[in-house]
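Residue-level structural notes
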Amino acid sequence: MPYPRQALEKRIHEAAQSYQNGSEHAIEDVYNDLLPFCLRVASKICNRYIDERDEEASIANLSILESFEKYNPERGNFLSYLGRVTRNRIIDYKRREKKQIIPFSDLINAQNINTLVDDTFFDDILEELGRQKEIDSLRRLLNDYSISFIDLVKISPGQNNARERARQVIQIISSNLQLSRQVLEQKTLPAKELREKYDISTKFLDRYRKYIIAGVIIMTHDFSCLVPYVLPSGGKENG
Amino acid sequence: MVKRQGIVLEVHDKWAIVLNDKGQYKKIKTARPIQVGELWSESSTPVWKLATAAVIILALLAACIDFFSVVAYAQVSSGVKIGVNRWDRVVTVEASNAQTAAYVKTVHLKGRKIDEVVEQVVNDTISGGLNRFRLDKPVLTVTTTKKDESNRQRLVQKLNKKVQPIVVKKSNQFKGSDYKSKDKNNLPAGQSRGDNYSNIKSATGDSKVKTVDTPDQLNRSSDNQGKDRINELEVWPLQSISKTQTDNIKAGQDKNSDFLPSGKIDKERLPAAGNKPNNNGEHSQTLSPGQAEKQETSPKVNNKPGTVSGQGKQDSDN
């Protein structure tokens with residue numbers, strides 16, 4: 001499920017027109033989608049994690065308002081324009097800060113400020129936000145199975161052969177509607193069918209149960225950014 | 001090395017969880033701030049591999065340094081000085097004169113075991129004959145770089161097993177001697193006896209060296225008669241001498257090399273009395289006054305047959 005950029009762009013266009021026509025509440029519809037993007041841009045510029053409590057977050061808020069006021073659809077898409085405005089405001093803020101305090105990290109990361117950026121910079125940020133949404137959805141689904149990412153780290157197969165075999169089991173289950181339904185609904189692996197039809201030992205399934213279930217969830221819910229990582233090395237899904 | 005890529009799934013203070021392209025969930029340390037959804041690339045060379053490689057290299061380096069460290073020297077009277085490491089392997093070979101230098105170039109001695117090398121060098125460079133074996137000049141002198149008595153004794157005993165038969169054999173190779181053996185009646189017809197001098201002197205002055213039997217008779221060690229003859233031999237190829245005597249011998253070696261080929265036998269260089277049979281047919285060594293004096297000043301050593309003593313001193317030159 002990629003980041004719904006086109007859908008968001010459409011909503012933003014509508015909101016911008018409404019805002020310029022005098023409707024101040026039009027921004028609220030898209031504000032929750034735009035703020036993470038602006039914070040991510042600020043984080044890239046400052047080379048540290050920025051949350052809503054930081055000073056840079058207030059600058060990001062002002063950037064959103066400014067973009068809505070000055071945006072012209074003829075100049076390109078809104079998100080790229082918003083990203084440039086946010087970046088310029090953050091840079092101005094950092095330069096004002098430099099007159100008082102010059103952190104060493106800023107000198108090291110000066111290239112983030114001084115180098116020109118193009119649209120691919122903001123496209124990468126949008127892709128990251130899309131992946132973040134998928135990962136957040138995956139986390140919520142795994143919680144229903146009492147599985148966390150820490151658990152997956154612990155039981156992840158270390159040997160290449162075991163990992164490859166587990167990925168094959170994931171593909172077998174996700175490609176079979178009946179087997180995948182049993183996993184998603186009953187939250188158990190179809191050990192009997194796998195042993196009889198595919199000669200997969202029960203011991204192997206018990207050992208890597210959580211790993212296989214997580215892979216089946218990724219495949220069945222079509223998390224496009226994560227699917228390539230759980231497929232076997234020999235075959236990759238199209239799309 | 002192929003860089004592993006992945007997606008950041010979870011972020012904490014100084015670590016994060018990623019899913020790499022091999023389908024492995026890994027916990028990584030983060031040097032810079034990263035966020036969920038970012039693409040991650042594994043470092044090109046894991047630190048543990050670099051550390052392992054460094055440890056292996058250091059271990060090999062230490063082994064090389066240790067292998068080439070000389071702990072003892074075996075100096076043959078012909079002028080060949082052999083440096084030995086802790087594993088009794090030859091690491092250095094030096095020649096004190098031109099003849100031995102030429103010899104050293106023709107043979108491969110480094111890396112081999114010390115007993116084999118000493119056996120070969122003594123066999124090749126020390127000739128037989130009365131004039132070659134002088135009681136004040138040992139065939140082989142063992143010195144250690146550190147005060148390691150046990151190592152020195154061990155080396156001396158080890159080398160004595162090799163050198164002693166050679167000395168005995170060479171001493172019997174000299175022909176034309178007018179000595180008479182103890183059991184002259186047992187000599188094969190036409191066979192003459194070689195010289196019966198050992199190449200060392202006893203440090204205690206008890207230098208009574210008796211007749212050396214013919215090689216065939218000497219090899220009869222199974223019977224008591226043979227054993228008695230060997231015990232009577234009392235040959236000590238190695239001796240313990242002081243540093244001053246070492247320097248004197250070394251200077252003498254440089255001047256008067258025992259290196260082959262054998263030259264004209266100089267009977268005048270023989271000990272004054274030579275070997276004269278006594279009433280029992282045994283031969284004893286009568287030393288010249290000068291030789292007797294030198295022996296009196298020598299340090300005492302263990303005179304038991306088959307036991308030798310080496311010289312242990314802090315040889316600063318080595």
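As a starting point, this report considers the structure included with it. No experiment lies behind these values; they were computed from the predicted model shown. Throughout, a residue's number is its position along its own chain's written sequence, starting from 1. Here chains are named by letter from A upward and ligands by number from 1 upward, in the order in which they appear as written. For this predicted model, a pLDDT threshold of at least 70 governs which residues receive local features, and a threshold of 80 or more governs which side-chain atom pairs are given and counted, while totals over whole chains, interfaces and linings are taken from all residues. Heavy atoms throughout the structure, all of them, feed into the side-chain values; hydrogens and water do not.

**Points about the pairing of strand E2 (residues 15–20) of chain B**
All names here are of chain B. Put simply, the rule is: Burial here depends on accessible area, computed with a 1.4 Å probe over protein chains only, as a share of the maximum for the residue type. Under 20% is buried, over 50% is exposed, and the range in between is partly exposed. Helix and strand assignments follow DSSP, with helices taken as H or I runs no shorter than four residues and strands as E runs no shorter than two, numbered in order from the N terminus. Paired strands, in this sense, are two strands between which DSSP finds at least two bridges.
Counting buried positions along E2 yields 5 of 6 residues, so the element is predominantly enclosed. Pairing of strand E1 (residues 5–11) with E2, which is carried by 5 bridges, proceeds in the antiparallel orientation. Residue pairing across strands places Glu10 opposite Ile17, the latter belonging to E2. With antiparallel pairing between neighbouring strands as the criterion, E1 and E2 make up a hairpin whose turn holds 3 residues. Two strands pair when backbone bridges link them, and E2 and strand E3 (residues 25–29) are joined in this way by 5 bridges, in the antiparallel orientation. From the neighbouring strand, Trp15 faces E3, where its bridge partner is Lys29.

**Comments concerning the interface of chain A and chain B**
Reports of interface size often rely on the accessible area that becomes lost once the parts have come together. To keep it simple, the criterion reads: Here, residues are in contact when the closest pair of their heavy atoms is within 4.5 Å. By buried area we mean how much accessible surface two parts lose on assembly, using a 1.4 Å probe and totalling the loss over both. Any carboxyl oxygen of Asp or Glu that lies within 4 Å of a side-chain nitrogen of Lys or Arg is treated as forming a salt bridge with it. Here a polar contact means two N or O atoms within 3.5 Å. Within protein one must be a hydrogen donor candidate and the other an acceptor candidate, and residues neighboring in sequence count only if both atoms are side-chain atoms.
Contact with chain A, which involves 27 residues of that partner, is made by 23 residues of chain B. Carbon and sulfur atoms supply 60% of the area that chain A and chain B bury against each other, a total of about 2,200 Å² over both sides. Across the chain A-chain B interface, the total number found is 0 salt bridges. The interface formed by chain A and chain B contains 12 residue pairs in polar contact (both at pLDDT 80 or more). Of all the secondary structure elements, the ones that give two or more residues to the side of chain A that touches chain B are helix H2 (26–46), helix H7 (119–144), helix H8 (149–155), helix H9 (160–175) and helix H13 (209–220) of chain A. When residues of the side of chain A that touches chain B are assigned to their parent elements, the largest contribution, 5 residues, is made by H7 of chain A.

**Description of the pattern of salt bridges**
A full pass over the atoms with the stated rule returns 18 salt bridges over all chains. Two residues, Glu66 of chain A and Lys70 of chain A, come together in a salt bridge whose shortest N-O distance is 3.4 Å. Of this pair, Glu66 of chain A and Lys70 of chain A both sit in helix H3 (residues 55–70), separated by 4 residues, roughly a single helical turn. Classification of Lys70 of chain A by relative accessible area gives partly exposed; the value is 47%. With a shortest N-O distance of 2.5 Å, Asp88 of chain B and Arg154 of chain B are connected by a salt bridge. Residue Asp88 of chain B is located in the loop between strand E6 (80–84) and strand E7 (90–95), and its partner Arg154 of chain B is located in helix H4 (residues 149–171); the two are separated by 66 residues in the primary sequence. With a relative accessible area of 6%, Asp88 of chain B lands in the buried category. For Arg154 of chain B, a relative accessible area of 34% puts it in the partly exposed group. One continuous salt-bridge network, built from bridges that share partners, spans Arg48, Asp54, Glu56, Lys94 and Glu97 of chain A.

**Regarding the environment of Lys162 of chain B**
Residue and element names in this part refer to chain B. Looking at the element boundaries, Lys162 is found in helix H4. Put simply, Lys162 and Val118 are 44 residues apart on the chain and 7.6 Å apart in space, counted from C-alpha to C-alpha. Leaving out residues up to four positions away in the same chain, Lys162 has contacts with Asp115 and Glu119.

**Digging into the pairing of strand E8 (residues 140–144) of chain B**
Residue and element names in this part refer to chain B. Within E8, 5 of the 5 residues are buried, which leaves it mostly tucked inside the rest of the structure. Sheet topology places strand E5 (residues 72–76) next to E8; 5 bridges connect them, and they run antiparallel. Each residue of the ladder has a partner; that of Tyr73, found in E8, is Thr143.

**Thoughts on the packing of aromatic side chains**
Residue and element names in this part refer to chain A. Selection rule: For Phe, Tyr and Trp, where Trp contributes only its six-membered ring, two rings pair if their centres lie within 6.5 Å, and the inter-plane angle classes them as stacked under 30 degrees, edge-to-face over 60, or tilted in between.
Applying the stated criterion across every chain yields a total of 10 aromatic pairs over all chains. For the ring pair Tyr71 and Phe78, a centre distance of 5.0 Å and an interplane angle of 90° mean the geometry is edge-to-face. Residue Tyr71 is classed as buried on the basis of its relative accessible area of 5%. Classification of Phe78 by relative accessible area gives buried; the value is 0%. Measuring from centroid to centroid gives 5.3 Å for Phe121 and Phe122, while their planes differ by 80°, and the two rings are edge-to-face. Given a relative accessible area of 21%, Phe121 falls into the partly exposed group. On the accessibility criterion, Phe122 (1% relative accessible area) is buried. Here a set of aromatic residues connected by ring pairs shows up, and it is made of Tyr19, Phe68, Tyr71, Phe78 and Tyr81.

**Section: the nonpolar core**
For the record, the criterion: Here, nonpolar core means buried Ala, Val, Leu, Ile, Met, Phe, Trp, Tyr and Cys residues that are tied together by side-chain atoms lying within 4.5 Å of each other.
Within the largest apolar cluster, 42 residues are counted, with the highest numbers of intra-cluster contacts made by Ile173, Ile212 and Leu226 of chain A together with Leu9 of chain B. The dominant element in this core, judged by the number of residues it contributes, is H13 of chain A, at 8 residues. Beyond its immediate chain neighbours, meaning those up to four positions away, Ile173 of chain A contacts Leu179, Ser180, Val183, Leu189, Pro190, Leu194, Ile212 and Val216 of chain A.

**Points about the sheet that holds E1 of chain B**
The strands that make up a sheet pair up through hydrogen bonds in the backbone, lying either parallel or antiparallel. Cut-off, in case you're wondering: Angles shown run from 0 to 180 degrees and are taken between the N-to-C directions of axes, each axis being a line fitted to C-alpha atoms and, for helices, limited to the stretch in contact.
As summarised here, the arrangement of the 4 strands in space is E3-E2-E1-E4 (chain B), forming an open sheet in which the pairing is antiparallel. Because the sheet does not close on itself, it has two edges, and the strands there are E3 and strand E4 (39–41) of chain B. The sheet shows a mean angle of 45° between the axes of neighbouring strands, taken without regard to direction. Sheet strands in contact with H7 of chain A are E1 and E4 of chain B, and its direction is about 60° off that of E1 of chain B.

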